[in-house]
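Each chain, written out:
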Amino acid sequence: MSITALSATAPLTDLVFGASLFFPPLFKAVLLGFFFWLLIHPLLRGWMYSGDIWHPTLMDLSLFVLCVTGALWILSLG
């Protein structure tokens with residue numbers, strides 16, 4: 001196998017460089033959003049799982065998405 005397949009101009013290098021630029025902020029937002037979700041979820045668990053408003057799993061998922069969105073917004077401010 002030749003070494004020229006792994007040269008600096010290979011598309012894989014662009015992919016790795018792009019991932020290093022764009023993946024960490026999203027990863028940080030998911031981790032921070034999960035932390036927010038861990039704080040908020042026990043407070044709203046009884047209301048969500050009563051079934052009065054929506055399907056509990058969908059409500060739980062939407063709460064997690066809102067937490068991740070809020071965390072991304074907080075990270076973008078600073």
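The structure displayed is predicted, hence computed values, not measured ones. (Residues numbered from 1 in each chain as written. Predicted model: local features only at pLDDT ≥ 70, side-chain atom pairs only at ≥ 80, totals over all residues. Heavy atoms only, no water.)

Q: Quick question: what am I supposed to make of the overall build of the protein here?
A: Each helix and strand in the protein was counted, giving two helices and zero strands. Here the protein, with 78 residues, has 17% of them falling under the buried criterion. Long-range pairs, those at least 24 residues apart, make up 56% of the contacts in the protein between residues at least 6 apart in sequence. About 6,100 Å² of surface is accessible on the protein, with carbon and sulfur atoms providing 78% of the total. (Helix = DSSP H or I, 4+ residues; strand = E, 2+ residues; numbered from the N terminus. Buried < 20%, exposed > 50% of the residue type's maximum accessible area, 1.4 Å probe, protein only. Contact = heavy atoms within 4.5 Å. Areas by Shrake-Rupley, 256 points an atom, 1.4 Å probe, with all protein chains shown as cover.)

Q: Mind showing me how you'd approach the environment of Leu 31 here?
A: Within the secondary structure layout, Leu 31 lies in helix H1 (residues 11-48). In this structure the C-alpha to C-alpha distance between Leu 31 and Val 68, which are 37 residues apart in sequence, comes to 8.0 Å.

Q: Could you clarify how one ought to interpret the side chain of Asp 60 in this entry?
A: With respect to the secondary-structure elements, Asp 60 resides in helix H2 (residues 56-77). No salt bridge is formed by the buried Asp 60, whose closest oppositely charged neighbour, Arg 45, lies at an N-O distance of 7.9 Å. At 3.2 Å, the side chain of Asp 60 and the side chain of Tyr 49 are in polar contact. Among all residues touching Asp 60, those that are not within four sequence positions of it are Trp 37, His 41, Met 48 and Tyr 49. (Lys, Arg positive; Asp, Glu negative; His and termini not counted. Salt bridge = Lys/Arg side-chain N within 4 Å of Asp/Glu carboxyl O. Polar contact = N/O pair within 3.5 Å; in protein donor to acceptor, adjacent residues only side chain to side chain.)

Q: Would you mind going over the packing of aromatic side chains with me for this structure?
A: Any two aromatic rings considered together are summarised by their centre-to-centre distance and by the angle between their planes. Scanning the model with the defined rule gives three aromatic pairs in all. When the ring of Trp 37 is compared with that of Phe 64, the centres are 6.4 Å apart and the planes differ by 85 degrees; the resulting orientation is edge-to-face. On the criterion of sequence distance, the pair formed by Trp 37 in helix H1 and Phe 64 in helix H2 is long-range, its members being 27 residues apart. Residue Phe 64 is classed as partly exposed on the basis of its relative accessible area, which comes to 24%. These aromatic residues form a ring-pair network of at least three members: Phe 34, Trp 37 and Phe 64. (Phe/Tyr/Trp six-rings, centres within 6.5 Å; stacked < 30°, edge-to-face > 60°.)

Q: Looking at this structure, how should I read the side chain of His 41?
A: Relative to the assigned elements, His 41 resides in helix H1. Excluding residues that lie within four positions of it along the chain, His 41 makes contacts with Met 48, Tyr 49, Asp 60 and Leu 63.

Q: Can you help me understand the environment of Met 59 in this one?
A: The residue Met 59 is located in helix H2 in this model. In this structure Met 59 comes out as buried when scored by relative accessible area, which is 18%. A sequence separation of ten residues divides Met 59 from Tyr 49, and the C-alpha atoms of the two residues are 8.8 Å apart. Once residues within four sequence positions are removed from consideration, Met 59 is found in contact with Trp 47, Met 48, Ile 53 and Trp 54.

Q: Even after reading the chapter, I still don't get a nonpolar patch on the surface, so can you show me in this structure?
A: A grouping of Trp 47, Ile 53, Trp 54 and Leu 58 is seen on the molecular surface, where their side chains present a nonpolar patch of about 420 Å² in accessible area. Tracing the sequence through the fold places Ile 53 in the loop between H1 and H2. Residue class for Ile 53 comes out partly exposed when judged on its relative accessible area of 37%. (Patch = residues over 30% accessible without salt bridge, like charges linked within 9 Å, V, L, I, M, F, W, Y side chains within 5 Å.)

Just distances and angles here, no functional claims.
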